[in-house]
Amino acid sequence: MKKFVLMTSIIFSILLATTGSIYGEENSSDSELNLAPDAKSAILIERDTGKMLYDKNAHEKLPPASMTKVMTLLLIMEALDEDKIKKDEIIRISERAASMGGSQIFLETGEEMSVNDLLKGIAIASGNDASVALAERISGSEEAFVKKMNEKVKELGLENTLFQNTTGLPAKNHYSTVYDMAVMAKELLKYETITEYTSKYEDYLRKGQDNEFWLVNTNKLVKFYPGVDGLKTGYTNEAKYCLTATAEKNNMRVIAVVMGADTTKERNATVSQMLDYAFNHFETTNLYKKGQTITSLQLLKAEEKDINIVASESVSTIHKKGDPDGNIKASVELNTNLDLPMKKGSQVGQLVVKNNNKVVSKSPLIVDQDVKIASYLTLFKRSVQNMVK
């Protein structure tokens, strides 16, 4: 690895006129609200900003049941994004994966299935067998994959989550909170194609074969609440009924998490009430789309002359409907030293959004291409060009 100093300015500002006042990350929800009377804990956040709109016992440790698979799906989507696995890759199912109880797609030992179909099995039908099969493919064993899950928990700065398996099946010291689940869901939704799976109400595996299997989404709100397109349900006797849901309306995406409801009816009603509250009282202004070029830089010893720096996720501000206008300031902070070469998607800085000098969001900035170390020929040509100047 070689380190090189950037030839661009480290910070510059962009002034943006938007409607509405901007909220920070702290909870400013109305203390009189009681949107989740039938749940042990609940939370409602806006996805882009992470703004907490409502919470009830947000940091209470509880068993997450199959909502565990939000983290499982996150690591699967990361592996796909990094080309560690391919959607059309065929995986042979181990005896251990096929032996999983609970929710399953009834995989058989030695059966072969594509990554894409296994992903459908997890996202739609909450297949425990499919979860273990993909975990074994990515990390070699479920235990090794679980270690990565807990490492990701720490990377996200979460303090009240510990996983013992990929499925959410009952296990000692397997717990999370609605807050932590919301943060995991926020991270998962950076991979926008995940909702192509979680939004399907029904689908099929082994279509046209004797062992054809009908997948029906465990999240009924996908069908019955307009805009809901994910993410993951959960149930065990101990956890009761849980749901991490997401919905998008008028270009605003929110995440609602409920844990410990006594019935599916209560769980779905609670989530629906939180979604209604979000869409009736708040709206967002999008500043940047995921993948949008924010700035560019030149590295003296990089093969590429101009390197685009892009937003790693959608960046927005949020305000209550009817609030007065406000002024937003966005600044780009680039790392002073970077290692070459860099892979596409490597973080090189962050985009900081402020309101009246108060930080309301920080988002990673990444390179949109592989950045190679310059060849001797390239360096020679640049030297000649500088002498001519």
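Attention in this report is confined to the structure presented alongside it. This is a predicted model, so every value here is computed, not measured.

1. Regarding the overall build of the chain
- Across its full length, the chain holds 10 helices and 19 strands.
- Considering only residue pairs separated by 6 or more positions, the chain has 66% of its internal contacts joining residues 24 or more positions apart.

2. Focus on the nonpolar core
- Of all hydrophobic cores here, the largest spans 65 residues; its most connected members are M71, I105, L118 and V257.
- Ranked by residue count, the leading element in this core is helix α1 (residues 69-81), at nine residues.
- In terms of nonpolar packing, the next biggest core, distinct from the first, is built from 27 residues, A36, V228, L275 and Y277 among them.

3. What about the pairing of strand β3 (residues 41-46)?
- For β3, the tally of buried residues reaches six of six residues, placing the bulk of the element in the interior.
- Because side chains alternate across β3, one face comprises the buried residues S41, I43 and I45, and the other comprises A42, L44 and E46, equally buried.
- Two strands pair when backbone bridges link them, and β3 and strand β11 (residues 252-261) are joined in this way by six bridges, in the antiparallel orientation. From the neighbouring strand, I45 faces β11, where its bridge partner is I255.
- Both β3 and strand β4 (residues 52-56) contribute to a ladder of four bridges, which runs antiparallel. Bridging across to β4, I45 finds its partner in M52.
- Between β3 and β4, which pair antiparallel in sequence order, lie five residues; one of them, G50, sits at a positive phi of approximately 75 degrees.

4. Here we look at the sheet that holds β3
- Taken together, five strands build an open sheet; the order of strands is β4-β3-β11-β10-β9 and the sheet is antiparallel. Every interior strand has two partners, whereas the edge strands, β4 and β9 (228-236), have only one. Sheet twist, expressed as the mean angle between neighbouring strand axes with direction ignored, is 5 degrees.
- Contacting β3, β4, β9, β10 (240-249) and β11, helix α6 (residues 178-188) runs over the sheet at an angle of about 145 degrees to β11.

Criteria and cut-off values
- Residues numbered from 1 in each chain as written.
- Predicted model: local features only at pLDDT ≥ 70, side-chain atom pairs only at ≥ 80, totals over all residues.
- Heavy atoms only, no water.
- Helix = DSSP H or I, 4+ residues; strand = E, 2+ residues; numbered from the N terminus.
- Contact = heavy atoms within 4.5 Å.
- Core = buried A, V, L, I, M, F, W, Y, C linked by side-chain atoms within 4.5 Å.
- Buried < 20%, exposed > 50% of the residue type's maximum accessible area, 1.4 Å probe, protein only.
- Pairing = 2+ DSSP bridges.
- Axes fitted to C-alpha atoms, helices over the stretch in contact; angles between N-to-C directions.

These figures capture arrangement, not role.
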